[in-house]
Amino acid sequence: MDEQLGHEKTLTNLLPAVTGSNVIYGMGMLEMGMTMSYEQLLIDQEIVKMTRRILQGIPVNKDTLALDVIKAVGPAGNYLAQKHTRKYMRQELSTTNLINRRMRENWEANGSKSMDQVANEQARNILENYKVTPLPDDVKKRIHDIVLEGEEEAEELAKFKAKKQI
C-alpha cells in the first residue's frame, strides 16, 4: 500500500461517482482483484465516505450565506464565535477513522502510524471483537419469503422446461 494505490483507489471511486454511477468496483481489492485486503477495504470505505460527502455538495441559500452575520461581525471579526458558524460547520465537517488530521506532534506521540498500520489494527479489532446484530424478526421473515418465492419460481421453470422436452 503506497501513494500510487491511494491515488488509483481515489480516482477509481471518484470518477464513477461523479458520473452518477451507484456501483463502486474493487473495494478491498489489490493486484487487479487477485488479492483481497481487509486493510484496503477499510481505507476504501474512507474514500467512499468522503466521495459521498463531496457529492452532497454545499448548499448555498439565504441561511448558509449568512449575509446578516457577515455584516454584524465585519471583516476583522471572529466568525468562529458565532452560533451560525458552529451550526453549519458541524454539518460540513467530514470525519474519518483512518486519516490523521492532527498536528505532527500529536501523530508522533500516538506512534507515528501510517494509514495502513491503523487500518490493520482496526481490521484485526473488527475480526476479533465484532458482534453480529441479529436481524429483526420481520426482516428475517421477509428474506425467508423472498427465498421461498424464488424457489417456487425455479420449480415452475423446471416443470415448464421438462414439459417442452417431452
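The rules behind these values
Residues numbered from 1 in each chain as written. Predicted model: local features only at pLDDT ≥ 70, side-chain atom pairs only at ≥ 80, totals over all residues. Heavy atoms only, no water. Helix = DSSP H or I, 4+ residues; strand = E, 2+ residues; numbered from the N terminus. Rg over C-alpha atoms; globule rule 2.2 N^0.38 Å. Salt bridge = Lys/Arg side-chain N within 4 Å of Asp/Glu carboxyl O. Buried < 20%, exposed > 50% of the residue type's maximum accessible area, 1.4 Å probe, protein only. Patch = residues over 30% accessible without salt bridge, like charges linked within 9 Å, V, L, I, M, F, W, Y side chains within 5 Å. Areas by Shrake-Rupley, 256 points an atom, 1.4 Å probe, with all protein chains shown as cover. Lys, Arg positive; Asp, Glu negative; His and termini not counted. Charge placed at Lys NZ, Arg CZ, Asp CG, Glu CD. Axes fitted to C-alpha atoms, helices over the stretch in contact; angles between N-to-C directions. Parallel < 35°, antiparallel > 145°, perpendicular 65-115°, else oblique. Left-handed = near helix turned anticlockwise from the far one by under 90°. Contact = heavy atoms within 4.5 Å. Core = buried A, V, L, I, M, F, W, Y, C linked by side-chain atoms within 4.5 Å. Domains from an automatic or database assignment. Nonpolar A, V, L, I, M, F, W, Y, C, P; charged D, E, K, R; others polar.

Participant: How do you make sense of the overall build of the chain when you look at a structure like this?
Facilitator: A tally of regular secondary structure across the chain gives eight helices and two strands. Helices (α) and strands (β) of the chain occur, in sequence order from the N terminus, as α-β-β-α-α-α-α-α-α-α. Taken over the C-alpha trace, the chain has a radius of gyration of 25 Å; the compact-globule value for 166 residues is 15 Å, which it surpasses by more than 25%. Oriented by its inertia axes, the alpha-carbon framework of the chain measures out at about 90 × 45 × 35 Å.

Participant: Can you help me understand the pattern of salt bridges in this one?
Facilitator: Close approach of charged atoms allows side chains of opposite charge to pair. This structure, assessed with the given rule, holds four salt bridges. The salt bridge involving Lys 113 is made with Glu 121; its shortest N-O contact spans 3.0 Å. Lys 113 gets classed as partly exposed once you look at its relative accessible area, which sits at 33%.

Participant: Help me understand a negative patch on the surface in this model?
Facilitator: The grouping of Glu 149, Glu 151, Glu 152, Glu 153, Glu 155 and Glu 156 at the surface amounts to a negative patch. Note on placement: Glu 156 falls in helix H8 (residues 137-165). Taking relative accessible area as the criterion, Glu 156 reaches 55% and is therefore assigned exposed.

Participant: Is there a simple way to think about the packing of helix H1 (residues 3-18) against helix H2 (residues 38-56) in this case?
Facilitator: Between H1 and H2, whose axes approach to 10 Å, the crossing angle comes to 40°. Taken together, the axes of H1 and H2 are oblique relative to one another. Crossing of H1 over H2 shows right-handed handedness. For the pair formed by H1 and H2, the contact residues are Leu 5, Lys 9, Thr 10, Asn 13, Leu 14, Ala 17 and Val 18 on the first element and Gln 40, Asp 44, Ile 47, Val 48, Thr 51 and Leu 55 on the second.

Participant: Got a minute to help me understand the nonpolar core in this structure?
Facilitator: A general feature of soluble globular proteins is that nonpolar side chains tend to end up buried together. Formed by Leu 42, Ile 43, Ile 47, Leu 98, Val 118, Ala 119 and Ala 123, the largest nonpolar core amounts to seven residues. For this core, the elements supplying multiple residues, two or more each, are H2 and helix H7 (115-129). Those residues in contact with Ala 123, other than ones at most four positions away along the chain, are Tyr 38, Glu 39 and Leu 42.

Participant: What is the right way to read the domain arrangement of the chain from this model?
Facilitator: Interfaces are often sized by the amount of accessible area the parts lose when they come together. Split into domains, the chain comes out as domain 1 (3-131) and domain 2 (134-165). The gap between the C-alpha centroids of domain 1 and domain 2 is 41 Å.

Participant: Can you help me understand the packing of H2 against H7 in this one?
Facilitator: A packed helix pair is summarised by two numbers, namely the angle formed by the two axes and the spacing between the axes. Closest axis-to-axis distance for the H2/H7 pair is 8 Å, and the angle between their directions is 105°. It follows from the interaxial angle that H2 and H7 lie roughly perpendicular. Along the contact surface, H2 presents Tyr 38, Glu 39, Leu 42 and Ile 43, while H7 presents Met 115, Asp 116, Ala 119, Asn 120, Gln 122, Ala 123, Ile 126 and Leu 127. Tallied by class, residues from the contact of H2 with H7 come to eight nonpolar, two polar and two charged.

Participant: So what exactly am I meant to see when it comes to unusual backbone geometry here?
Facilitator: Among all residues save glycine, negative phi is the norm, and among peptide bonds the norm is trans. Backbone geometry at Met 32 places phi at a positive 55°, although glycine is not the residue there. Residue position: Met 32 is located in the loop between strand S1 (29-30) and strand S2 (35-36). Looking at Met 32, the relative accessible area reads 83%, which means it is exposed. Phi at Ser 112 is positive, roughly 50°, even though this residue is not glycine.

Participant: Help me understand the environment of Met 115, please; the structure alone is not making it clear to me.
Facilitator: Locating Met 115 in the fold gives a position in helix H7. As a C-alpha pair, Met 115 and Gly 74 span 41 residues in sequence and 41 Å in three-dimensional space. Among all residues touching Met 115, those that are not within four sequence positions of it are Ile 43, Leu 98 and Ile 99.

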